[in-house]
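These are the residues of each chain, in order.
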Amino acid sequence: MYDFGATAVRGAQESYIASANRLAERAVNARSEVREAYQRYRGQYDITRHYQTSVLPLRRTIQDQALLQYSGMLLDVTTLIVDARARILSNIQAIEAQRDFWIAATDLKAATVGGGFSGGNFGGEAAGGTPGTSLAVATPGG
């Protein structure tokens, strides 16, 4: 007979608590996405730096020494070609590592700003790289 609005107050309280719980869940998910994006970014940075500081200079030195040995008639031309091919493949891998680094940097920025980062994908393409999605696969000779 006398309704003082207790049910309406109770409904408003439950709605408020549900909204607060959704906000807390979104905050936890956002922190998780940023943490995951940063780990991917840092890993790609380390790989790219390793290629730039270790692998490529070592391949250059190996090819230079092979060329000297070829000039001294200590190696045949097939060994020289194999070393040149290995250096070219190292350069391709270094370029792909740098590409993955920039994609990870973009994903980190998107996750930090809020939105767009998808945990299993590199910038929208499959993490495993399906044929046709990679630039190296799509270009002739790649």
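So, a few notes on the structure that sits alongside this text. (Residues numbered from 1 in each chain as written. Predicted model: local features only at pLDDT ≥ 70, side-chain atom pairs only at ≥ 80, totals over all residues. Heavy atoms only, no water.)

### A closer look at unusual backbone geometry
Working step 1: The backbone phi angle of Met73 is positive, close to 60 degrees, even though this residue is not glycine.
Working step 2: Structurally, Met73 is set in the loop between helix 1 (6–71) and helix 2 (77–113).
Working step 3: The exposed category is assigned to Met73, whose relative accessible area is 75%. (Helix = DSSP H or I, 4+ residues; strand = E, 2+ residues; numbered from the N terminus. Buried < 20%, exposed > 50% of the residue type's maximum accessible area, 1.4 Å probe, protein only.)

### Here we look at the packing of aromatic side chains
Working step 1: Counted by the stated rule, this structure contains four aromatic pairs.
Working step 2: Ring geometry for Tyr38 versus Tyr41: centroids 6.2 Å apart, planes at 35 degrees, classification tilted. In this pair, Tyr38 and Tyr41 both sit in helix 1, three residues apart, roughly one turn of the helix.
Working step 3: In this structure Tyr38 comes out as partly exposed when scored by relative accessible area, which is 44%.
Working step 4: Each ring, one from Tyr41 and one from Phe101, has its centre 5.3 Å from the other, and the planes form 35 degrees; the classification is tilted. Linking Tyr41 in helix 1 with Phe101 in helix 2, this pair joins segments that are 60 residues apart in sequence.
Working step 5: With a relative accessible area of 10%, Phe101 lands in the buried category.
Working step 6: The structure contains a cluster of three or more aromatic residues connected by ring pairs, namely Tyr38, Tyr41, Tyr45, Phe101 and Trp102. (Phe/Tyr/Trp six-rings, centres within 6.5 Å; stacked < 30°, edge-to-face > 60°.)

### As for the packing of helix 1 against helix 2
Working step 1: Close contact between helix 1 and helix 2 brings their axes to 8 Å; oriented N to C, the two are set at 160 degrees. The angle between helix 1 and helix 2 falls in the class roughly antiparallel. Crossing hand, helix 1 versus helix 2: left-handed.
Working step 2: Looking at side-chain class alone, the contact of helix 1 with helix 2 contains 24 nonpolar, nine polar and eight charged residues. (Axes fitted to C-alpha atoms, helices over the stretch in contact; angles between N-to-C directions. Parallel < 35°, antiparallel > 145°, perpendicular 65-115°, else oblique. Left-handed = near helix turned anticlockwise from the far one by under 90°. Nonpolar A, V, L, I, M, F, W, Y, C, P; charged D, E, K, R; others polar.)

### Details of the environment of Gln44
Working step 1: As for its placement among the helices and strands, Gln44 is situated in helix 1.
Working step 2: With 57 residues separating them in the primary sequence, Gln44 and Phe101 have C-alpha atoms 4.8 Å apart.

### Re a nonpolar patch on the surface
Working step 1: On the surface, Leu67, Tyr70, Val77 and Ile81 cluster together into a nonpolar patch covering about 360 Å² of accessible area.
Working step 2: Mapped by element, the contributors of at least two residues to the nonpolar patch are helix 1 and helix 2.
Working step 3: Counting through the fold element by element, Tyr70 comes out in helix 1.
Working step 4: Since its relative accessible area comes to 35%, Tyr70 is described here as partly exposed. (Patch = residues over 30% accessible without salt bridge, like charges linked within 9 Å, V, L, I, M, F, W, Y side chains within 5 Å. Areas by Shrake-Rupley, 256 points an atom, 1.4 Å probe, with all protein chains shown as cover. Salt bridge = Lys/Arg side-chain N within 4 Å of Asp/Glu carboxyl O.)

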